[in-house]
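What follows is the residue order along each chain.
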Amino acid sequence: MKVEDIKKICVVGAGNMGHQISLNAAIQGYKTVCVDVSQEALAKAQAFTDKYLPERVVKGKMSQAVAEAARKNISFITNLAEAVKDAGFVIEAATEKLELKRNLFAVMDKNAPSHAILATNSSFIASSKVVDATSRPEKVLNMHYFNPALVMKVVEVVKGPHTSEETVQVTMDLCRRLDKTPVLITKEIYGFVVNRILMAINDEALYLAEHGIASVEDIDAAVVGALNHPMGPFKLMDLTGLDLYYYIKQGRFEETGKPEDTPVPLLEQKFKAGEYGQKTRKGFYNYK
């Protein structure tokens, strides 16, 4: 299989990452279907698309022709089997829950064409944990975008022990055609590259705030002003979703059993209160 053989891309999940991954593919000329069991999530994804494309035209960032073609390229449905049936590449972008992903991969494998590559956008769950739910191990890998997916250029391509060199090459080539910069990770490791570094920063920031050493606002100000980061760790966690970070930490604890890997009380408090960050209008900061 070559990248030229990919005519249609299916993105499984219409959430914060999924709808932007879908739109990115549509803008770059691929027939794209975004699938989700939630009609509400699909409605929000469609509303975002219908707002985003005209705005880019008005700002001079996109031609009217490209915007119109992108809108024709993308569709939104709830039937997963239907969505993947003629896709050459499938990107799963569902919630970071292993059992959910395994169930999705089983359905994807059963209904997608035999030549289709099945990728997970998971930031921490390696493809080796879902691969045995499929009958095509050589065509399964991680293809990890960063938030916001329409803006961030880097995509981590993670080769599992089961992934073929051909699958890796096609995925790297596809990233470039999607106007992304692929970074190849040749061995699976928890958190891959970027999130291992980011998690160390976030964990330390949470520790400092948890123990009253400095306020959330001052920690963010220090990281932005002294380390030249574009955004502080707490604002970044609010952007990506505190629920996502909680699931990541909880998953890590379940894997290692080490107390230091559990979500700190401050993060757990936010999670249990439903304060997930920007998407709920409240996290470490108030966005109302």
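As a starting point, this report considers the structure included with it.

**So, the side chain of Asp-243**
Structurally, Asp-243 is set in helix 10 (residues 242-256). Apart from the residues within four sequence positions on either side, Asp-243 is in contact with Phe-271, Tyr-276 and Lys-279.

**Here's the deal with the nonpolar core**
If you look at the biggest cluster of nonpolar residues, it comprises 25 residues, and the most contacted ones within it are Ile-9, Phe-89, Met-143, Tyr-145 and Leu-174. Elements with a contribution of two residues or more to this core: strand 1 (8-12), helix 1 (18-27), strand 4 (89-92), strand 5 (117-120), strand 6 (140-144), strand 7 (154-158) and helix 6 (165-177). If you tally residues by element for this core, the top one is helix 6, at 5 residues. Apart from residues no more than four positions distant in its own chain, Leu-174 is found in contact with Val-3, Ile-6, Ile-9, Tyr-30, Phe-89 and Met-143. Counting 19 residues, the second-largest nonpolar core is a separate cluster that includes Ala-205, Ala-209, Ile-248 and Phe-284.

**Here's the deal with the side chain of Asp-261**
With respect to the element layout, Asp-261 can be found in the loop between helix 10 and helix 11 (265-272). There is no salt bridge for the buried Asp-261, and the closest opposite charge comes from Arg-252, which lies 4.2 Å off by N-O distance. For Asp-261, the side chain forms a polar contact with the side chain of Thr-256, separated by 2.6 Å. Apart from the residues lying within four places of it in its own chain, the contact partners of Asp-261 are Lys-249, Arg-252, Phe-253 and Thr-256.

**Points about unusual backbone geometry**
Excluding glycine, residues mostly carry a negative phi; peptide bonds, for their part, are mostly trans. Residue Pro-148 follows Asn-147 across a cis peptide bond; omega there is 0°. Considering the arrangement of structural elements, one finds Pro-148 in the loop between strand 6 and strand 7. Phi angles above zero are rare outside glycine, and Asp-179 is one such case at about 65°. Looking at where Asp-179 falls in the secondary structure, it is placed in the loop between helix 6 and strand 8 (181-185).

**Structural notes on the packing of aromatic side chains**
Tallied over the entire structure, the rule returns 7 aromatic pairs. On the numbers, 5.5 Å between centres and 20° between planes, the contact of Phe-48 with Tyr-52 is stacked. Taken together, the residues span about one helical turn, with Phe-48 and Tyr-52 both in helix 2 (residues 39-58) at a distance of 4 residues. By relative accessible area, Phe-48 is classed as partly exposed at 26%.

**Some points on the sheet that holds strand 3 (residues 74-77)**
Here 8 strands make up an open sheet; going across it, the order is 3-2-1-4-5-6-7-8 and the pairing mixed. The open sheet has two free edges, formed respectively by strand 3 and strand 8, since each of these has just one partner strand. Across the sheet, the mean angle separating the axes of adjacent strands is 25° when strand polarity is ignored. Sheet analysis places strand 4 next to strand 5, joined by 4 bridges and oriented parallel.

**Side note on the environment of Phe-105**
With respect to the helices, strands and loops of the structure, Phe-105 is situated in helix 5 (residues 98-111). Sequence separation of Phe-105 and Thr-120 is 15 residues, and the distance between their C-alpha atoms is 8.9 Å. Look past the residues within four positions of Phe-105 in its chain and what remains in contact with it is Glu-92, Leu-118, Ala-119, Thr-120, Val-130, Ala-133, Thr-134 and Val-140.

**Notes on helix 11**
Of the residues making up helix 11, those classed as buried are Leu-266, Leu-267, Lys-270 and Phe-271. Down the axis of helix 11, the sector holding all buried residues measures 135°, keeping them to one side. Residues of helix 11 that are exposed and point more than 90 degrees away from the buried face comprise Pro-265, Gln-269 and Lys-272. Elements in contact with the buried residues of helix 11: helix 7 (194-210) and helix 10. With its phi angle positive at about 75°, Gly-274 sits one or two positions after the end of helix 11.

**A short note on helix 2**
Because an α-helix packs 3.6 residues into every turn, residues spaced three or four apart end up facing the same way. Its 20 residues give helix 2 an end-to-end C-alpha distance of 29 Å, which sits within 8% of 28 Å, the value for a rise of 1.5 Å per residue. Those residues of helix 2 that sit buried are Ala-41, Leu-42, Ala-45, Thr-49, Tyr-52 and Leu-53. The buried side chains of helix 2 occupy one side of the element, clustering within an arc of 95° when seen end-on. In helix 2, the exposed residues that point more than 90 degrees away from the buried face are Gln-39, Glu-40, Lys-44, Lys-51 and Val-58. Among the structural elements, helix 1, strand 2 (31-35), helix 3 (64-73) and strand 3 are those in contact with the buried residues of helix 2. At the N-terminal end of helix 2, a side-chain oxygen is found 3.3 Å from the backbone nitrogen of Glu-40, two or three residues along, and the residue is Ser-38.

**Details of the environment of Lys-129**
Mapped onto the elements, Lys-129 comes out in the loop between strand 5 and strand 6. Taking relative accessible area as the criterion, Lys-129 reaches 36% and is therefore assigned partly exposed. Once the C-alpha coordinates of Lys-129 and Leu-98 are considered, the two residues, 31 residues apart in sequence, prove to be 7.7 Å apart. Excluding its chain neighbours within four sequence positions, the residues that come into contact with Lys-129 are Leu-98, Arg-102 and Glu-255.

Conventions used here
- Residues numbered from 1 in each chain as written.
- Predicted model: local features only at pLDDT ≥ 70, side-chain atom pairs only at ≥ 80, totals over all residues.
- Heavy atoms only, no water.
- Helix = DSSP H or I, 4+ residues; strand = E, 2+ residues; numbered from the N terminus.
- Contact = heavy atoms within 4.5 Å.
- Core = buried A, V, L, I, M, F, W, Y, C linked by side-chain atoms within 4.5 Å.
- Buried < 20%, exposed > 50% of the residue type's maximum accessible area, 1.4 Å probe, protein only.
- Lys, Arg positive; Asp, Glu negative; His and termini not counted.
- Salt bridge = Lys/Arg side-chain N within 4 Å of Asp/Glu carboxyl O.
- Polar contact = N/O pair within 3.5 Å; in protein donor to acceptor, adjacent residues only side chain to side chain.
- Phe/Tyr/Trp six-rings, centres within 6.5 Å; stacked < 30°, edge-to-face > 60°.
- Pairing = 2+ DSSP bridges.
- Axes fitted to C-alpha atoms, helices over the stretch in contact; angles between N-to-C directions.
- Arc of directions from axis to C-beta.
- Expected span 1.5 Å × (residues − 1).

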